[in-house]
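# Close look at the chain arrangement
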Amino acid sequence: MARYSFTPGAGHRFEVPLSDEPDKAAAQLKGRLEDLGLTHDHFRVSVEGSEVTVSGDAAMQEQKEKILLALGNVVGVAEVEDRVAAGQEGLAPRFVTVHESETLGDVALRVYGDPAAAGRLLTANHPVLTDANEIYAGLVLRAPAK
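Residues numbered from 1 in each chain as written. Predicted model: local features only at pLDDT ≥ 70, side-chain atom pairs only at ≥ 80, totals over all residues. Heavy atoms only, no water.

### Overview of the overall build of the protein chain
- The secondary structure content of the protein chain amounts to four helices and six strands.
- Its helices and strands in sequence order give the protein chain the pattern β-α-β-β-α-β-β-α-α-β, from N to C terminus.
- Along the first, second and third principal axes, the C-alpha atoms of the protein chain reach 45 × 35 × 25 Å.
- Taking all 146 residues of the protein chain together, 47% fall into the buried category. (Helix = DSSP H or I, 4+ residues; strand = E, 2+ residues; numbered from the N terminus. Buried < 20%, exposed > 50% of the residue type's maximum accessible area, 1.4 Å probe, protein only.)

### Remarks on the packing of aromatic side chains
- Within the structure shown, the criterion is met by one aromatic pair.
- Taking 5.2 Å as the distance between ring centres and 70 degrees as the angle between the ring planes, the aromatic pair formed by tyrosine 4 and phenylalanine 95 counts as edge-to-face. Linking tyrosine 4 in strand 1 (residues 2–5) with phenylalanine 95 in strand 5 (residues 95–97), this pair joins segments that are 91 residues apart in sequence.
- A relative accessible area of 16% places tyrosine 4 in the buried class. (Phe/Tyr/Trp six-rings, centres within 6.5 Å; stacked < 30°, edge-to-face > 60°.)

### Examining the pattern of salt bridges
- Tallied over the entire structure, the rule returns nine salt bridges.
- The shortest N-O distance in the salt bridge between arginine 142 and glutamate 65 comes to 2.8 Å. Note that arginine 142 is positioned in strand 6 (residues 140–142) and glutamate 65 in helix 2 (residues 61–72), a separation of 77 residues in sequence.
- Under the relative-accessibility criterion, glutamate 65 is labelled buried at 8%.
- Put simply, Arg3, Glu51, Glu79, Glu81 and Arg83 are held in one network by salt bridges that share partners. (Salt bridge = Lys/Arg side-chain N within 4 Å of Asp/Glu carboxyl O.)

### A closer look at helix 2
- An ideal rise of 1.5 Å per residue puts 16 Å on 12 residues; helix 2 measures up with 17 Å between its terminal C-alpha atoms.
- Counting buried residues along helix 2, 11 of its 12 residues qualify, which places the element largely inside the surrounding structure. (Expected span 1.5 Å × (residues − 1).)

### Regarding the side chain of serine 55
- With respect to the helices and strands, serine 55 occurs in strand 3 (residues 51–57).
- Judged by relative accessible area, serine 55 falls into the buried class, the value being 14%.
- If sequence neighbours within four positions are ignored, serine 55 has contacts with His42, Phe43, Arg44, Arg83 and Val84. (Contact = heavy atoms within 4.5 Å.)

### Concerning the nonpolar core
- Leu29, Val45, Val52, Val54, Leu71 and Val80 are the most contacted members of the largest nonpolar core, which totals 29 residues.
- Counting residues per element, the ones that place at least two in this core are helix 1 (22–35), strand 2 (44–48), strand 3, helix 2 and strand 4 (79–85).
- Among the elements that take part in this core, helix 2 stands out by supplying five residues, more than any other.
- Residues within four places of leucine 71 in sequence aside, it is in contact with Leu29, Leu33, Val45, Val52, Val54, Val77 and Val80.
- In this structure, Val96, Leu104, Val107 and Tyr112 belong to the second largest nonpolar core, which totals 15 residues. (Core = buried A, V, L, I, M, F, W, Y, C linked by side-chain atoms within 4.5 Å.)

Now the structure itself:
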């Protein structure tokens, strides 16, 4: 079980703000997973204040990481507790937070030492991130090892 921090003022904004009612907020977040094509019958999402807990089984580590990011990169979410089994339990996600005025190339330079690796970051974060120009300060991204 691990916890990941997110910037509660940054991220996806629902048409109706994330509900103060835990069951409604969980339904909104699970709907986001479904909208992104990241849903699985065995996922459970619960919300307490600005903290989200996700549990269940993911087919692959990559799917698990994308689920964590899709839930955490939402306005109002400060932390995601990871209780998802992915069959690759020894692997820990590598997440990076976008700094003020950074481009995806800047993040790639910081993480990989090469701004040309921006395409790799874009691919690694799809469908949560679909355009390199959509990044903003506070966004948390997957940064798979080389």
